[in-house]
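Notes for the structure review
Residue-level listing of the chains:
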Amino acid sequence: MYRKLIFIVFVIFSLSCNKTIRKPSATNSVKRPNIIFVFIDDMGYGDLSIYGNAGVKTPHIDRLAEEGMRFTQFYVNSPICSPSRVAVLTGQYPLRWNITSYLADSARNIKRGMDQYLDIKAPSLARILQKEGYYTAHVGKWHMGGQRNVHGAPLIADFGFNSSYTSFEGLGERIGWIFETYKWNGSHRFPLSVEQEKLGHGSVTWITRHQETGIYVNKVLEEIKKAQEQDQPFYINLWTSDVHTPIESPPELRGDSSLNSQYLGVITELDKQLGRLFEHVRNDPKLRDNTLILLSSDNGPPQGIGSAGGLRGRKGQLYEGGIKEPFIVWAPGRVNPKMVGKVNNNTILAGMDLPPSILSIAGIKAPDSIKFDGMDMKEIWFGDSGSDRAAPVMWVRPPDTQGPTHEFQDLAIRKGKWKLLTNINGKHVELYNIESNPGETIDLAKQHPEITSDLKSEVLNWFYGIRSKSPVSVKPWK
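Now for a description of the structure that goes with this document. (Residues numbered from 1 in each chain as written. Predicted model: local features only at pLDDT ≥ 70, side-chain atom pairs only at ≥ 80, totals over all residues. Heavy atoms only, no water.)

Our focus in this paragraph is the sheet that holds strand 12 (residues 393-396). Taking strand neighbours across the sheet as the criterion, the four strands line up as 12-13-14-15 in an open arrangement whose pairing is antiparallel. The outermost strands of the open sheet, each flanked by one partner alone, are strand 12 and strand 15 (430-433). Adjacent strand axes in the sheet meet at a mean angle of 15°, parallel and antiparallel pairs treated alike. Alignment of strand 14 (residues 418-422) against strand 15, held across four bridges, turns out to be antiparallel. When the sheet's bridge partners are listed, Trp-418 is paired in strand 15 with Asn-433. Most of the contacts of helix 13 (residues 449-467) go to strand 13 (residues 411-415), to which it runs at about 120°, and overall it touches strand 12, strand 13, strand 14 and strand 15. (Pairing = 2+ DSSP bridges. Helix = DSSP H or I, 4+ residues; strand = E, 2+ residues; numbered from the N terminus. Axes fitted to C-alpha atoms, helices over the stretch in contact; angles between N-to-C directions. Contact = heavy atoms within 4.5 Å.)

Printed below as a string of structure tokens:
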């Protein structure tokens, strides 16, 4: 009897243990997705052929959109690089971190009332993912600290990246630019690369400018292999320095060597190199069926080159051409089959939506201490919903882009079909119906005084609510 009792207890204990420690099989469990975020530099809304550019062919990016979804109401959170990048990393308005224009040398940052680099205390999508078991890597332009002559900035790795490989706008292992057709004081080496190399904190490899995107793609492929060898899901940034000036396309794509020909050549080469990455993912079943690729650009095109797709404004301005960008989501098996190849022309999306949306897709809850300004737009990205945005999106103009006669407004807000621009003193107000007038040519402020008043109050309260908490005493706006 005693032996029989022991045997029964043993059986019950064994079954209990098996129930506790048995892991679900790979075929039955939902794997956390791999994520690749391609962030192009200074590419305009109308620069891709699939977004209407008849003067260039971008077949690899076009195919990405045709196999996924593309959006026409996606906004970055600044019309210039550094703050736009802060938003996609933190999920918050860059104004909260006092980065409102591109980070430059120390004196220029102080003059504009900006911090020298992104505070290490800022939320980081990569840091959250890393703590949850993701392999994280940043490849390409950073520009949130460690640029020019600015000492003391955090390393890219400090924001939660297992690996980083960047340009002269960040710290860690990086590259410097050599140009074949440009010279500065007799040297083909780019002066900003030369200056930044002195900061240390990582080795610098000098490369020819037109090789850069290809080198970055090679690095991303290496990082994917590392993650696979470690059996970890991965999050990888591929933030190109193309198509930012100074540009230099491969010799065979320079045409007549004019700025426009060089620009088209750079876009062509960019698409070709990105195509190698897309094909690698597409041709590996383990990657294809569980990888999300996002593609966009950090701000509108600069004056003189690139296309804003007929929109008003350019880089540095709060009109549509400065802040509206292409946005493509590729995710086989996740995008609603009925929506593959479709276009969402209605839902307003923002750069700061990336962290909460990606975390939701990965099934990861953000720490309670983090309050995102962005929204979880997962269902929109995958075509499971076409609902309107539940909150407005607001912008601050970079302090050094006031316009030749200070004509550019300081603030903007997009709420539903309406967009309002104003100065921080409440003057120089313009109101546009973006649905019927995306080119912002018909100012409706006088015809709709109530809407104008409400939106102006909302954006001013937002601005002063954040600005009052800033430790910076210098105010760059006049």
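The α-helix advances 3.6 residues per turn, and as a result positions three or four apart in sequence lie on the same side. Extensive coverage of helix 11 (residues 354-362) is indicated by the burial of eight of its nine residues. Directly beyond the C-terminal end of helix 11, a positive phi value near 70° is found at Gly-363. (Buried < 20%, exposed > 50% of the residue type's maximum accessible area, 1.4 Å probe, protein only.)

Cis geometry marks the peptide bond from Asp-242 to Val-243, where omega comes out at 15°. Assignment of secondary structure puts Val-243 in the loop between strand 7 (234-239) and helix 8 (259-282). Note that the residue after Thr-245, namely Pro-246, is joined by a cis bond; omega there is -5°. Relative to the assigned elements, Pro-246 resides in the loop between strand 7 and helix 8. Unusually for a residue other than glycine, Arg-148 sits at a positive phi of about 50°.

Position of Asn-109 relative to the elements: it lies in helix 4 (residues 106-111). Between the alpha carbons of Asn-109 and Ile-99 there is a distance of 9.2 Å; along the sequence they are 10 residues apart. Ignoring any residue separated from it by four or fewer positions in sequence, one finds Asn-109 in contact with Tyr-102, Leu-103, Ala-104, Met-114, Asp-115, Gln-116, Gln-147 and Val-150.

Using the criterion set out here, one finds 27 salt bridges in the structure. Asp-373 is paired through a salt bridge with Arg-96; the nearest N and O atoms lie 2.7 Å apart. You can see Asp-373 sitting in the loop between helix 11 and helix 12 (378-381) and its partner Arg-96 sitting in the loop between helix 3 (81-90) and helix 4, a full 277 residues away along the chain. Overall, Arg-96 belongs to the partly exposed group, its relative accessible area being 39%. In this structure, Glu-320 engages Lys-419 in a salt bridge whose closest nitrogen and oxygen atoms are separated by 2.8 Å. A residue pair is termed long-range when its members are at least 10 positions apart, and Glu-320 in helix 10 (residues 320-323) and Lys-419 in strand 14 qualify at 99 residues. Lys-419 gets classed as buried once you look at its relative accessible area, which sits at 0%. (Salt bridge = Lys/Arg side-chain N within 4 Å of Asp/Glu carboxyl O.)

Attention now moves to empty space enclosed by the protein. Within the structure shown, the criterion is met by two cavities of 30 Å³ or more. Roughly 60 Å³ of volume is contained in the largest cavity. The greatest single-element share of the lining of the largest cavity, amounting to three residues, is contributed by strand 12. Of the volumes computed, that of the second largest cavity is approximately 30 Å³. Partitioning the lining of the second largest cavity into residue classes produces two nonpolar, two polar and three charged. (1 Å grid on protein atoms, 1.4 Å probe; cavity = no way out; pocket = protein on both sides within 12 Å on 5 of 7 lines; lining within 4 Å. Points joined across faces, edges and corners; volume = space filled by probe spheres on them. Nonpolar A, V, L, I, M, F, W, Y, C, P; charged D, E, K, R; others polar.)

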